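# Architecture at a glance
Residue strings, one per chain:
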Amino acid sequence: MLITPAISLPRTLEELLPPGLAAKIDRLDVFSRRVFAGKLPGERRSKRRGRSVEFDDFRSYVAGDDLRHVDWNVYGRFERLIIKLFREEEDLALHLIIDASASMGAGSEPARGSAPEIPSKALYAHRLAMALAYIGLVKNNRVSVASFGGAAPARTLRPVRGRTSLRRISEFLLESLRSGSSSKSPDFNTEVRSIAARLSGRGVVVLISDLLAPDGAAGGLASLGAAEHGALDAYCLQVLSPAELDPARGAAMGLTGDLRLTDIETARGVEVTISPAAIAKYRENVAAFLNDCRGACRSRGVAHFLVPTDTPIDRLVIDSLRRGGMMR
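Residues numbered from 1 in each chain as written. Predicted model: local features only at pLDDT ≥ 70, side-chain atom pairs only at ≥ 80, totals over all residues. Heavy atoms only, no water.

## What to know about the overall build of the chain
A tally of helices and strands in the chain yields ten helices and eleven strands. Looking at the chain as a whole, 47% of its 328 residues qualify as buried. Of the contacts made within the chain by residues no fewer than 6 positions apart, 76% connect residues no fewer than 24 positions apart. Taken as a whole, the chain presents about 16,300 Å² of accessible surface, with 52% of it coming from carbon and sulfur. (Helix = DSSP H or I, 4+ residues; strand = E, 2+ residues; numbered from the N terminus. Buried < 20%, exposed > 50% of the residue type's maximum accessible area, 1.4 Å probe, protein only. Contact = heavy atoms within 4.5 Å. Areas by Shrake-Rupley, 256 points an atom, 1.4 Å probe, with all protein chains shown as cover.)

Following this line, the structure appears as structure tokens:
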């Protein structure tokens, strides 16, 4: 990845989540691949039968059933005790975990011709987190946010609920962006494990990260998949810049000839010559890296999505994530 001049950071909720984007995603909801029973009434319908106002089915009376649920009209006609069943409303927790490590600070590209500017991976990740948090809040689900790997220690915003909490989440995300990244990022796996261990409730947990960790990301993904002992449905949105996926784009920003490249997280340097053979080898390594990331997620029950940062967030959420089963 290349460090390029930073694109100006958003300063308000409206800059982080433009009203046009909010209007497009307002009717969506986060979807869990499992059925969960919540602690408080929400807008999501569960298959768990209870005492809400939505009728579901009948079944025969058994000793101990509440007589208030007997359908006395049926009893009067057929002299059979039949219980009316109802669907119970289900509450869902949405936990968002954002990687703010040094590697996430790269990836910005200035506007070229009619093509818009491309934000850094960190800025894209925080905008995406705000969009997902908005979807959760407008559906009256509990939403928490955690950020790790930045210049400041890992931070967590405890679960909040409702549209009135939009400002609190935006302030948390804006502060995370302003803090920037650390010159020596904490260990990815340790940080994710620590955050996952503190998650509670039932619902969905989403990690937004490039997964570019010096020691690999397998340990963190394993803890994500095991969060709350499997009560949380886990997703990983792997955010990478276009130049990381296709090194040919880096040529326009000076990635040509003989260079010394320095790893932004480990500070280790390497001398390279950018040639067709080197680019071909890079593409092989990227393909292998992505395949390993998908495999690590799949083996741990984590749904994986590759997210290039030139993808408009509304298209990502409305099309890709909905087709992939995360949204409905």
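Having put the structure on the table, let's press on.
## Observations concerning helix α6 (residues 188-197)
Along α6, the residues that are buried comprise F188, N189, E191, V192, I195 and A196. All buried residues of α6 lie within an arc of 165 degrees about the axis, which places them on one face of the element. Packed against the buried residues of α6 are β4 (93-99), β5 (142-148), β7 (203-209) and α7 (218-225). Regarding α6, its N-cap is D187, as a side-chain oxygen of that residue lies 3.3 Å from the backbone nitrogen of N189 further along. (Arc of directions from axis to C-beta. Polar contact = N/O pair within 3.5 Å; in protein donor to acceptor, adjacent residues only side chain to side chain.)

## Description of the packing of α6 against α7
For the pair α6 and α7, the least separation of the axes is 7 Å and the interaxial angle reads 10 degrees. The orientation of α6 relative to α7 falls into the category roughly parallel. Contact residues: α6 offers F188, N189, V192, R193 and A196, while α7 offers A218, G219, G220 and S223. Here the contact of α6 with α7 is composed, by residue class, of four nonpolar, four polar and one charged. (Axes fitted to C-alpha atoms, helices over the stretch in contact; angles between N-to-C directions. Parallel < 35°, antiparallel > 145°, perpendicular 65-115°, else oblique. Nonpolar A, V, L, I, M, F, W, Y, C, P; charged D, E, K, R; others polar.)

## A short note on the environment of Y75
Mapped onto the fold, Y75 is located in helix α3 (residues 72-78). You can call Y75 partly exposed: its relative accessible area is 37%. Non-local contacts of Y75, meaning those with residues more than four positions away in its chain, are made with R80 and L81.

## Describing the nonpolar core
Within soluble globular proteins, side chains that are nonpolar tend to cluster in buried spots. Counting residues in each nonpolar core, the largest one holds 52 residues, and the members touching the most others are L132, I169, V206 and L237. Here this core gets 14 residues from one element, more than from any other, and that element is helix α4 (residues 121-138). Setting aside its immediate chain neighbours within four residues, L237 contacts L128, L132, V206, L207, I208, S209, F305, V307, L321 and M326. Residues A213, L221, C236 and C297 belong to the second largest nonpolar core, which totals 21 residues. (Core = buried A, V, L, I, M, F, W, Y, C linked by side-chain atoms within 4.5 Å.)

## Comments concerning unusual backbone geometry
Although it is not a glycine, E79 sits at a positive phi angle of roughly 55 degrees. In this structure, E79 sits in the loop between α3 and β3 (82-90). Taking relative accessible area as the criterion, E79 reaches 67% and is therefore assigned exposed. The phi dihedral of L211 falls on the positive side, at around 60 degrees, and the residue is not glycine. In this fold, L211 is placed in the loop between β7 and α7.

## Some words on the sheet that holds β7
In space, the six strands of this open sheet follow the order β6-β5-β4-β7-β8-β11, with mixed pairing throughout. The two strands at the open ends of the sheet, each matched to only one other strand, are β6 (155-160) and β11 (302-308). Pairwise comparison of adjacent strand axes, ignoring direction, gives a mean angle of 15 degrees for this sheet. With four bridges joining them, β5 and β6 adopt antiparallel strand pairing. Within β6, the position partnered with S147 by the bridge is R155. The strands that helix α5 (residues 166-179) touches are β4, β5 and β6; relative to β6, the one it contacts most, it runs at about 170 degrees. (Pairing = 2+ DSSP bridges.)

## A look at the pattern of salt bridges
As enumerated under the stated definition, the model contains nine salt bridges in all. With its nearest N and O atoms 3.9 Å apart, the salt bridge here joins E15 to R11. Using a relative accessible area of 67% as the deciding quantity, one classes R11 as exposed. In this structure, E284 and K281 form a salt bridge, with 3.8 Å as the shortest nitrogen-oxygen distance. Of the two residues, E284 and K281 both sit in helix α9 (residues 276-299), three residues apart, roughly one turn of that helix. Through salt bridges that share partners, K121, D210 and E244 make up one connected network. (Salt bridge = Lys/Arg side-chain N within 4 Å of Asp/Glu carboxyl O.)

## A word on the pairing of β7
Of all the seven residues making up β7, seven are buried; the element is thus mostly covered by neighbouring parts of the structure. With six bridges connecting them, β4 and β7 associate as parallel partners. Bridge pairing links I98 to I208 in β7.

## Some words on the packing of aromatic side chains
One pass over the structure, following the stated rule, counts three aromatic pairs. Consider the rings of W72 and Y75, whose centres lie 5.8 Å apart with planes at 85 degrees: the pair is edge-to-face. Of this pair, W72 and Y75 both sit in helix α3, three residues apart, which is roughly one turn of that helix. Centroid distance Y235 to F305: 6.3 Å. Interplanar angle 25 degrees. Geometry classified as stacked. You can see Y235 sitting in strand β8 (residues 232-240) and its partner F305 sitting in strand β11, a full 70 residues away along the chain. What makes F305 buried here is its relative accessible area of 13%. Its guanidinium or amino end placed over the ring of F172, R155 lies 4.3 Å from that ring's centre, counting from NZ or CZ. (Phe/Tyr/Trp six-rings, centres within 6.5 Å; stacked < 30°, edge-to-face > 60°. Lys NZ or Arg CZ within 6 Å of the ring centre and 35° of its normal.)

Shape is all these values report; function is a separate question.
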